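These are the residues of each chain, in order.
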Amino acid sequence: MFGTAVRGGIRMAVFRRIAPVVIVASTALLGGGMAAIAQNVKTQDMDRSVKPGDDFYRYANRSWLKTVAVPASRPNYGTSAMLIEKTSERVRSLIREAAAGHAGKGTAAQKVGDYYASFLDEKDIEAKGFAPLADELIASSTITNRATLSAYLGGTLNSEADGLTANGDHIFGVWANQGFEDAEHCIFHLLQGGLGLPARDDYLDPSAKMAGLRAQYQAHIAAMLKLAGIADSESKAAAILALEIRIAQAHAPDADAADVFKQNNPWKRADFEVKAPGMDWNSYFTAAGIAKQEAFIVWQPSAVTGTAALVGSESIESWKDYLRFHLIEHYASVLPKAVRAEEFAFHGAILSGMPSAPDRSQEAVAATNGALGQAVGQLYAERYFPPEAKVRAQAMVNDLITAYRSRIVSLTWMSPSTKEKALAKLAALRIGVGYPDRWIDYSTFDVEPGDAFGNMRRAEAFNRSRNLAKLRQAADPDEWRIDAQSVGAIIMFSPNAEFFSAGILQPPYFDYQGDDASNYGSAGAGMAHEISHSFDELGNIYDARGRLGNWWTDDDLANYHAAAAKLVAQFEGYCPFADVCVNGKRVLNENIADLAGLLVAHDAYVLSLKGKPDAVIGGLSGEERFFLAFAQRWRKAQDEAALRRQITTDTHPPGEYRSDTVRNVEAWYKAFEVAPGDKLYLKPEDRVAIW
Ligand SMILES: [Zn+2]
């Protein structure tokens, strides 16, 4: 709700999340020594007085580190933040241009422009007051018994959930995706939801701090009801919170929610009456428009059973009040100012710690991206990611895959039968770059000028019917699950696919007019890192078609951990403060991926040369540019508190040590003449290669 305009970072579905990706800073390109070839390495940011073998990170970055200022509002600053800012600004301009251009009705530009302009039309929103919500409020007031309650709940089934959504403001969410055992068809994944506070424990934690938060939430519920003119708001708020606490009790604990094997619970339609009495499931599924759906995967059975029981046991009046409150909350962004202010006071200030509400135009950009993500993405790609960029990125991906294939073939820790499965999975892996080959067809989504509320409602109806329609179609592994204008990537373990957006494939991370050495060292190493996750301890429970099932043997796992022990020790030697060293086990999985990414990207770079010698650009050889681009992509300015916090909480080590991954690569020693006695020097037998 109060997120950034362009969602950033790497996401993994199903089911784990990882922290946002770190990418290289600044967009300035240097003219190279060779005619028109640009390169991404910023030589002015280096410090050549540092010996590369002693401190490669500062050799590559010290001039930048000396001058960069961390904005007061942030704990750290690096390329990721910079690219998100820059891309948000571009997206905002594109959307504003669309709004000013008054394009022909039905075009992408018209929809984008009118969605944005109507969201910004606060005068119109104010004048309409609660009127746009009237029919929905009437619908909720016609609930008189379990059947009508169940029908109402089914009619508002939230179809915008995905494998990463922990909670929505409807009691259940649906995600249409292939099955955990069936890669052919889209199946109805049913997810828990219905809580207004972010986490289950916020309701159940008995500490004074959490009791205080619940009291603030209850006051917020009362305030929202009052603004909508609903009587007895105080007592209703208490009853609504009590109902949510009961829903939270039925939710799966967070630990279970992170275990995909616990989510794989196939239910047939007839199971619902037996396993989850209380709800009138016939009314529910009929109203949801899926009366004929037979196959379901119920991610958190306790939540379905528990919430259905509450439909049977709680008073109809409490349910109606709960639904009215969440209705107002759901549409708060397109309701009058007083509602939005109350919404921010709780969700923005109290829950997210934001000092002030975002600018309305920023919210309008975010809302437009949310409703018409691929329409905005199409405008973005047309301007910033031409077809030649896609061709160039695809060529790099092909080299990465070829390199990774050879590495798998020569692994010593992986058994031959597992190698076969890994190679089959690699061959089946779909990788999308930049933007989708087929855009979403928004022709049935009507966007009207001056109707912010109606547009939001129609956007949701459009997404919902699009998602439910998938249940009748074959699963599509090439479906993009991230917008082109996002600065990020997504790994879909199920299906077996990864997508790297145009927003992340931009300079200095990737320059389609730039040189291969810096592109492969920067974006290439990043992409190979993500590719390796599909084969490591995150991806080894999904097969070539994204079906659930561990394809490693116990011996593979034991050998892998034995091979990784040296890497754990290597990182435990990094101590930025006398009392703090990196926890080698916590960051192991990411370090293995960084190392795989670097090695694979280097092999791929060599492949890209096709036997030709590498060119010197700006006084740097290709090998030098490759490793410098790698070291520059990890740079980050952060204060001591942020660095300490990262070491104790993050599964990624600080950027400096990620950059020091180069110590394990033979070619780096050659490129920078690193020798025994240099601080980063490792004896050949101490260098690690796992992939
Ligand atoms: Zn990773």
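The notes below deal with the structure included here. Each chain carries its own residue numbering, running from 1 in the written order of its sequence. For this predicted model, a pLDDT threshold of at least 70 governs which residues receive local features, and a threshold of 80 or more governs which side-chain atom pairs are given and counted, while totals over whole chains, interfaces and linings are taken from all residues. Side-chain calculation: all heavy atoms of the structure are included, whereas hydrogens and water are not.

### Comments concerning the overall build of the protein
Stage number 1. Within the protein one finds 28 helices and 12 strands.
Stage number 2. Put simply, the radius of gyration uses C-alpha atoms, and a globule should come to 2.2 Å times the residue count raised to 0.38. Computed over the C-alpha atoms, the radius of gyration of the protein is 26 Å, within 12% of the 26 Å expected from 2.2 N^0.38 for a compact globule of 691 residues.
Stage number 3. For the C-alpha atoms alone, the extent of the protein along its principal axes is close to 80 × 55 × 50 Å.
Stage number 4. Each residue gets one of three labels from its accessible area relative to the maximum for its type: buried under 20%, exposed over 50%, partly exposed in between, using a 1.4 Å probe on protein chains only. A burial count over the protein gives 57% of its 691 residues as buried.
Stage number 5. His is not counted, nor are the chain ends, whereas Lys and Arg count as positive and Asp and Glu as negative. Taken as the charge centre is NZ of Lys, CZ of Arg, CG of Asp or CD of Glu, depending on the residue. Across the protein, 72 positive and 84 negative side-chain charges occur, with their mean positions spaced 1 Å apart. Helical segments are the DSSP runs of H or I of at least four residues, strand segments are the runs of E of at least two, and each set is numbered from the N terminus.

### Brief notes about the environment of Ala-147
Stage number 1. Its place among the elements puts Ala-147 in helix 6 (residues 146-155).
Stage number 2. A relative accessible area of 29% places Ala-147 in the partly exposed class.
Stage number 3. Spatially, the C-alpha atoms of Ala-147 and Ser-283 are 6.1 Å apart, while their sequence positions differ by 136 residues.
Stage number 4. Other than its neighbours up to four places away in sequence, Ala-147 contacts Asp-280 and Ser-283. Contact definition: two residues touch when any of their heavy atoms are within 4.5 Å.

### Side note on the packing of helix 23 (residues 554-572) against helix 24 (residues 588-609)
Geometrically, a packed helix pair is captured by the angle between its two axes and the distance between the axes.
Stage number 1. Running from amino to carboxyl end, helix 23 crosses helix 24 at an angle of 95°, the nearest separation of the two axes being 10 Å. Relative to helix 24, the element helix 23 lies roughly perpendicular. Of helix 24, the residues touching helix 23 (which contributes Tyr-560, Ala-564, Leu-567, Val-568 and Phe-571) are Leu-588, Asn-589, Asn-591, Ile-592 and Leu-595.
Stage number 2. Here the nonpolar group is Ala, Val, Leu, Ile, Met, Phe, Trp, Tyr, Cys and Pro; Asp, Glu, Lys and Arg are the charged ones; every other residue, Gly included, is treated as polar. Here the residues of the contact of helix 23 with helix 24 sort into eight nonpolar, two polar and no charged. Where helices are involved, their axes are fitted lines through C-alpha atoms of the stretch in contact, as for all axes, and angles between N-to-C directions lie from 0 to 180°. For this classification, under 35 degrees means roughly parallel, over 145 means roughly antiparallel, 65 to 115 means roughly perpendicular, and everything else is oblique.

### What about the packing of helix 8 (residues 208-227) against helix 15 (residues 316-330)?
Stage number 1. Interaxial distance between helix 8 and helix 15 falls to 10 Å at its minimum, and their mutual angle equals 85°. Judged by the inter-axis angle, helix 8 sits roughly perpendicular to helix 15. In this structure, helix 8 contributes Tyr-217, His-220, Ile-221, Met-224 and Leu-225 to the contact, and helix 15 contributes Phe-325, His-326, Ile-328 and Glu-329.
Stage number 2. Residues of the contact of helix 8 with helix 15, tallied by class, amount to six nonpolar, two polar and one charged.

### Digging into the coordination of the zinc ion
Stage number 1. Sites may look incomplete, because water is not among the atoms used; the donor set itself consists of N, O and S atoms within 2.8 Å of the metal (3.2 Å for Na, K and Ca). Only His-529 (NE2), His-533 (NE2) and Glu-590 (OE) from the protein coordinate the zinc ion, and they sit 2.0 to 2.1 Å from it.
Stage number 2. Positions of the donor residues of the zinc ion, expressed as sequence spacing, correspond to H-x3-H-x56-E. In this pair, His-533 is assigned in helix 22 (residues 516-533) and Glu-590 in helix 24, connecting sequence segments 57 residues apart. Judged on exposure class, the residue His-533 and its partner Glu-590 are both buried.

### Points about the sheet that holds strand 5 (residues 172-178)
Picture the strands of a sheet paired through backbone hydrogen bonds; they go either parallel or antiparallel.
Stage number 1. Across the sheet, four strands lie side by side as 5-6-8-7; this open sheet has mixed pairing. Taken across any chain shown, the strands that pair with only one partner, and hence form the sheet edges, are strand 5 and strand 7 (266-268). The mean inter-strand angle of the sheet, taken between neighbouring strand axes irrespective of direction, is 35°.
Stage number 2. One requirement defines pairing of two strands: DSSP has to find at least two bridges between them. In this sheet, strand 6 (residues 186-192) lies alongside strand 5 in antiparallel orientation, the contact comprising seven bridges.

### Examining the pattern of salt bridges
Stage number 1. Each salt bridge in this description consists of a side-chain nitrogen of Lys or Arg and a carboxyl oxygen of Asp or Glu lying within 4 Å of one another. In total, this model carries 35 salt bridges according to the counting rule given.
Stage number 2. Measuring nitrogen to oxygen at the nearest pair gives 2.9 Å for the salt bridge that ties Arg-269 to Glu-273.
Stage number 3. Accessibility expressed as a relative area gives 38% for Glu-273, which makes it partly exposed.
Stage number 4. The partner of Asp-478 in a salt bridge is Arg-430, with the nearest N and O atoms 2.7 Å apart. Here the residue Asp-478 occupies a position in the loop between helix 21 (452-470) and strand 10 (488-492), and Arg-430 occupies one in strand 9 (residues 430-434), the gap between them amounting to 48 residues.
Stage number 5. By relative accessible area, which is 32% here, Asp-478 ends up partly exposed.
Stage number 6. Taking relative accessible area as the criterion, Arg-430 reaches 37% and is therefore assigned partly exposed.
Stage number 7. Among the charged side chains, a salt-bridge network with shared partners connects Arg-466, Lys-470, Glu-479 and Arg-481.

### A short note on the state of the cysteines
Stage number 1. Disulfide: a pair of cysteine sulfur atoms within 2.5 Å of each other. All told, the structure shown has one disulfide when counted by the stated rule.
Stage number 2. Linked covalently through their sulfurs, Cys-575 and Cys-581 form a disulfide whose S-S length is 2.0 Å. An S-S torsion of about 95° defines the bridge between Cys-575 and Cys-581 as right-handed.
Stage number 3. When its relative accessible area of 38% is taken as the criterion, Cys-575 is described as partly exposed.

### Focus on the nonpolar core
Stage number 1. To qualify as a nonpolar core, a set must consist of buried Ala, Val, Leu, Ile, Met, Phe, Trp, Tyr and Cys residues joined through side-chain atoms within 4.5 Å. In this structure, Phe-56, Trp-281, Leu-505, Phe-627 and Trp-691 are the most contacted members of the largest nonpolar core, which totals 174 residues.
Stage number 2. At 11 residues, the largest contribution of residues to this core is made by helix 24.
Stage number 3. Counting residues in each nonpolar core, the second largest holds 19 residues, with Leu-191, Ile-482, Ile-490 and Leu-538 among its members.

### Brief notes about the environment of Ile-328
Stage number 1. Turning to its location among the elements, Ile-328 is positioned in helix 15.
Stage number 2. Looking at Ile-328, the relative accessible area reads 0%, which means it is buried.
Stage number 3. Spatially, the C-alpha atoms of Ile-328 and Leu-213 are 20 Å apart, while their sequence positions differ by 115 residues.

### Section: the environment of Ser-235
Stage number 1. For Ser-235, the location among the structural elements is in helix 9 (residues 233-250).
Stage number 2. In this structure Ser-235 comes out as partly exposed when scored by relative accessible area, which is 48%.
Stage number 3. Between the C-alpha atom of Ser-235 and that of Arg-405, which follows or precedes it by 170 residues, the distance is 64 Å.

### Some thoughts on helix 25 (residues 622-633)
Stage number 1. Between the first and last C-alpha of helix 25 there are 16 Å, a value that for 12 residues agrees with the 16 Å anticipated at 1.5 Å per step.
Stage number 2. With 12 of 12 residues buried, helix 25 is to be regarded as a mostly interior element.
Stage number 3. Buried within helix 25 are the following residues: Gly-622, Glu-623, Glu-624, Arg-625, Phe-626, Phe-627, Leu-628, Ala-629, Phe-630, Ala-631, Gln-632 and Arg-633. Multiplying one less than the number of residues by 1.5 Å gives the expected span of a helix.

### Here's the deal with the side chain of Arg-663
Stage number 1. Within the secondary structure, Arg-663 sits in the loop between helix 27 (655-659) and helix 28 (666-671).
Stage number 2. Of the side chains bearing the opposite charge, Asp-660 lies closest to the buried Arg-663, which forms no salt bridge; the N-O distance is 5.9 Å.
Stage number 3. Residue contacts for Arg-663: discarding those within four places in its chain leaves Gln-570, Tyr-574, Trp-668, Tyr-669, Lys-679, Leu-680, Tyr-681, Leu-682 and Arg-687.

### Structural notes on helix 13 (residues 281-288)
Stage number 1. Every buried residue of helix 13 is accounted for by Trp-281, Tyr-284, Phe-285 and Ala-288. One side of helix 13 carries all its buried residues, which in axial view fall inside an arc of 85°.
Stage number 2. Buried residues along helix 13 sit in contact with helix 6, strand 5, helix 12 (271-275), strand 8 (295-298), helix 14 (301-313) and helix 21.
Stage number 3. Looking one or two residues past helix 13, Gly-289 carries a phi angle of roughly 85°, positive in sign. When we speak of the arc, we mean the arc of directions from the helix axis to the C-beta atoms.

### Some words on the packing of aromatic side chains
Stage number 1. Two rings from Phe, Tyr or Trp (for Trp, the six-membered ring) form a pair when their centres sit within 6.5 Å of each other. Planes less than 30 degrees apart are called stacked, planes more than 60 degrees apart edge-to-face, and all others tilted. Here the structure, examined in full by the defined rule, presents 46 aromatic pairs.
Stage number 2. Summarising the aromatic geometry, the rings of Phe-445 and Phe-462 are spaced 5.7 Å apart at their centres and angled 25° between planes, so their arrangement reads as stacked. Placement of Phe-445 in the loop between strand 9 and helix 21 and of Phe-462 in helix 21 is noted, with a sequence separation of 17 residues between them. For the pair Phe-445 and Phe-462, one class covers both residues: buried.
Stage number 3. Seen in terms of ring centroids, Trp-551 and Trp-552 are 6.4 Å apart; in terms of plane orientation they differ by 80°. Their pairing is edge-to-face.
Stage number 4. On the basis of relative accessibility, which here comes to 6%, the residue Trp-551 falls in the buried class.
Stage number 5. Members of the aromatic cluster, connected to one another through ring pairs, are Phe-172, Phe-188, Trp-267, Phe-272, Trp-281, Tyr-284, Phe-285 and Phe-296.
Stage number 6. Here Lys-390 stacks its cationic end above the ring of Tyr-435, 4.1 Å away from the centre of that ring. Placement of a positive charge over a ring is assigned whenever Lys NZ or Arg CZ falls within 6 Å of the ring centre and within 35 degrees of the normal to the ring plane.

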